[in-house]
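A look at the structure
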Amino acid sequence: MHQGIATVSLSGRLVDKLPAIAAAGFDGLELFDNDLVASALTPREVAARCADLGLSIDLFQPVRDVEGVAPGRFAAVEHRFRAKLAVMAELGATTVLCCSNALPDAVDDVDLSAEQLHRLGDLAAEAGVTIAYEALAWGRHVHRVGRAWDVVRRADHPAVTLAVDTFHLLSRGDGPAALAGVPGDRIGFLQVADAPVLQMGLLEWSRHHRCFPGQGALDVAGVVAAVLEAGYRGPLSLEVFSDLVREAAPSVTARDAKRSLVFLEDQLAARLPASSPAREVVAASPPAAARVDPAFVELAASPGSDVERLLEALGFVAAGRHRSKPVALWRNGGAHVVVSQAPAEAMATGGATALGLVAPPVTDVAARAAALLWPAVDVVRSGGEAVLPGLATPSGLQVLLSAEPGQADHWRGDFEALPAGSTGGLEAGGAAGAGWTCLDHVTVAVPPDLLLQEVSFHRTLLGLEPGPVEEFVEPHGRMRSRALRPARGDLRLVLNAPETAAGAPRRRGVTQLACAVPDVRAEAVRLREAGVPLMPVPDNYYADLGARFALPDEQLDDLRSHGLLYDRDADGGELLHLYTAVLSTGFHVELLERRGGYAGYGGASTHVRLAAQA
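Report on the accompanying structure. (Residues numbered from 1 in each chain as written. Predicted model: local features only at pLDDT ≥ 70, side-chain atom pairs only at ≥ 80, totals over all residues. Heavy atoms only, no water.)

Each helix and strand counted, the chain has 19 helices and 26 strands in total. The C-alpha atoms of the chain give 28 Å as radius of gyration, which agrees with the globular expectation for 614 residues (25 Å, within 12%). Summarising its shape, the C-alpha atoms of the chain cover approximately 90 × 60 × 50 Å along the three principal directions. Of all 614 residues assigned to the chain, the portion counted as buried reaches 55%. For the chain, the proportion of contacts with a sequence separation of at least 24, taken over those separated by at least 6, is 72%. (Helix = DSSP H or I, 4+ residues; strand = E, 2+ residues; numbered from the N terminus. Rg over C-alpha atoms; globule rule 2.2 N^0.38 Å. Buried < 20%, exposed > 50% of the residue type's maximum accessible area, 1.4 Å probe, protein only. Contact = heavy atoms within 4.5 Å.)

It is worth spelling out the nonpolar core at this point. Side chains that are nonpolar tend, in soluble globular proteins, to be buried together. The biggest cluster of nonpolar side chains holds 91 residues, and the ones touching the most others in it are Val46, Phe81, Val96, Val164, Val224, Leu264 and Leu268. In this structure valine 46 touches Leu14, Leu31, Leu36, Leu41, Ile57 and Leu91, once residues within four positions along its chain are discounted. Grouped together as the second largest cluster of nonpolar side chains are 73 residues, Ala359, Leu372, Val532 and Val608 included. (Core = buried A, V, L, I, M, F, W, Y, C linked by side-chain atoms within 4.5 Å.)

Working definition: the strands of a sheet are paired by backbone hydrogen bonds and lie parallel or antiparallel to each other. Taken in spatial order, the nine strands make up an open sheet running S14-S15-S16-S13-S9-S12-S11-S10-S17, and their pairing is mixed. Each end of this open sheet is capped by a strand with a single partner; those strands are strand S14 (376-377) and strand S17 (415-417). The sheet contacts of helix H15 (residues 451-462) involve strand S13 (354-358), strand S15 (390-392) and strand S16 (398-402), and relative to S15 the element is tilted by about 145°. (Pairing = 2+ DSSP bridges. Axes fitted to C-alpha atoms, helices over the stretch in contact; angles between N-to-C directions.)

Next up on the list: the environment of leucine 55. With respect to the element layout, leucine 55 can be found in the loop between helix H3 (43-53) and strand S3 (56-63). Sequence-wise, leucine 55 and leucine 18 are 37 residues apart; in three dimensions their C-alpha atoms are separated by 8.4 Å. The contact partners of leucine 55, leaving out residues within four places of it in the chain, are Leu18, Ile21, Ala22, Phe26, Asp27, Gly28, Leu29 and Cys50.

Under the definition given, this model contains six aromatic pairs. With centroids separated by 5.4 Å and ring planes inclined at 85°, the aromatic side chains of phenylalanine 316 and tryptophan 436 adopt a geometry described as edge-to-face. One end of the pair, phenylalanine 316, is in the loop between helix H12 (306-314) and strand S10 (317-322); the other, tryptophan 436, is in the loop between S17 and strand S18 (438-445), and 120 residues separate them in sequence. Assigned by exposure class, phenylalanine 316 and tryptophan 436 land together as buried. Centre to centre, the rings of tyrosine 541 and tyrosine 542 are 5.2 Å apart; their planes meet at 80°, and the pair counts as edge-to-face. Exposure class is identical for tyrosine 541 and tyrosine 542. Each is buried. The ring of tryptophan 374 has arginine 259 sitting right over it, with the charged end atom 3.5 Å from the ring centre. Looking at arginine 412, its charged tip hangs above the ring of tryptophan 411, at a distance of 5.9 Å from the centre. (Phe/Tyr/Trp six-rings, centres within 6.5 Å; stacked < 30°, edge-to-face > 60°. Lys NZ or Arg CZ within 6 Å of the ring centre and 35° of its normal.)

This part covers the pattern of salt bridges. According to the stated counting rule, one finds 32 salt bridges in the structure shown. The closest approach of N and O atoms between arginine 459 and glutamate 465, which form a salt bridge, is 3.6 Å. For arginine 459, a relative accessible area of 10% translates into the label buried. Residue class for glutamate 465 comes out partly exposed when judged on its relative accessible area of 44%. Its salt-bridge partner being glutamate 499, residue arginine 480 comes within 3.1 Å of it at the nearest N-O pair. (Salt bridge = Lys/Arg side-chain N within 4 Å of Asp/Glu carboxyl O.)

A few words now on unusual backbone geometry. Cis geometry is found at the peptide bond from glutamine 61 to proline 62, where omega equals -10°. Along the polypeptide, proline 62 turns up in strand S3. Geometrically, the link from proline 360 to proline 361 is a cis peptide bond, its omega value of -10° lying close to zero. Counting through the fold element by element, proline 361 comes out in the loop between S13 and helix H14 (362-371). A positive phi angle, near 55°, is found at aspartate 65, a position not held by glycine. Considering the arrangement of structural elements, one finds aspartate 65 in the loop between S3 and helix H4 (74-91). We note that leucine 373 has phi near 65°; this positive angle belongs to a residue other than glycine. Mapped onto the secondary structure, leucine 373 falls in the loop between H14 and S14.

This brings us to H3. Looking only at H3, the buried set comprises Pro43, Val46, Ala47 and Cys50. For H3, the angular spread of the buried residues around the axis is 100°, confining them to a single face. Set apart from the buried face of H3 by more than 90 degrees, the exposed residues are Arg44 and Asp52. Positive backbone phi, at 80°, marks glycine 54, one or two positions downstream of H3. (Arc of directions from axis to C-beta.)

In this section: the pairing of strand S6 (residues 160-165). Of all six residues that make up S6, six are buried, and the element is covered over most of its length. Bridging between strand S5 (residues 130-134) and S6 involves three bridges; their strand directions are parallel. Residue pairing for S6: isoleucine 131 is matched across the bridge by valine 160. The parallel pair S5 and S6 is bridged by helix H6 (residues 145-155), and the resulting crossover is right-handed. Bridging between S6 and strand S7 (residues 187-192) involves four bridges; their strand directions are parallel. Each bridged residue has a counterpart across the sheet, and for valine 164 the counterpart in S7 is leucine 190. (Right-handed = clockwise from strand over helix to strand, strands pointing away.)

So this is what it looks like as structure tokens:
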């Protein structure tokens, strides 16, 4: 497919945007009128610059409020439109985006709108230009794609076509079915944007919260598939507005945008029938992981540090040493932690942490990362050691990919067992430590401005599905959170983006390990007897639990005596959990017991945890 992006989707000046778009591998662009107006380059110079970079100018946009205009004022619209056609002639652009009228005095008369679009179609045809008419979601009278298509049909002009914008269509509650009956050759342009589901005004939602496919929650692939199956074969172009994009470097945004189209094409390939002609224009890319399971978490610490003391107190035991690196493996049942030595300055901010994942087939996943432009990390390995491709997420977390157990490139093969008789050896089936069930989930702290990119990494590369955005109040700010899970596999990943007051510590990397245990009450008793500092829970919390869940007094007393937090879902599933005190680096451990299929993370108690940990 011919892939493009709107210049409005990148920050900076037009002269900086053009090379960033080309470097990311796009075929063309939409030229935003404001970018041109503010540029020192003439239209002919812009056209020449694009040609030198191998970019086509696929769309000139937008020309606003051109229909539904009071007849006495339409002459001014024609004058403005002629002027823009002259600019397009110098640019060499042949498609112009005309938006539905959003002015308060727009006339609600579909025949008048059609007549005015027909007259503009005559002017466009004389200039060799096609109009793509778009229903803005906040248009005064034309704000749905079906109504826009009705206007285009009534205009009955070969130079007047329909523009399809996934955001405008989906934000109004429409879906792919809204395009039923629209022939592909009457669709003049396809614009693509995703967005999180938010309850706010459409204009504010559009201008501040659009994002690239894979970062939001809209059915973008469904709309694009419908357009392709209708026979459309024109450009597919990204048009995104957001506060984050306006602050990011254009080169970063362009790469992020390009990889989102790889993800979108994957979705299209899965959605389109094998017999559909549209499959021919969807490029194949290396597959995502067949399943994703947690392997280990790597923490940076010095020997005898708070991290090692905490692991030992929790019941982890030293289970092995790396064959060639100063790295130790600690194990507690099915939970594995790798501790590597790191400089003091790295540990002061939480340490250079890594997440090990079993994600077969590893070679395909690494190839997919290259196709998605995700940066690789150089991993030094000695002869005979496992090939563990390393990747860097946008927040700086290192992700190491391991083959499945029993294969040559499984990560455990790089560790030598401790001497015979050790209680924490690597022997198959050995139960080391307190016998915890597994590593339930990992929490990673990311900067707020990188949350969308971090979600995009895990979703586009590993196929993790993100849950909804949750927001929690902190004592000195707020925190946004998203949990991700694969379609197949046991990995649970929680991304937290704290927005705290200036001067507050900014954590990055793995801040929490959550380990599943068979009996969290027994663990609470054992840890207190061992002197492990646990997070205090205020008594007011238990009074609130009684109000929310109508728990019997004896159950509340039991939870209070053990310092346990509690949650229950709509299906009766329960969560019992506790937290250790927070180390100076921000790292802590959660122990939890899931009952009855509970799948959440105890979000109702998060504000209590944040206050206690502050």
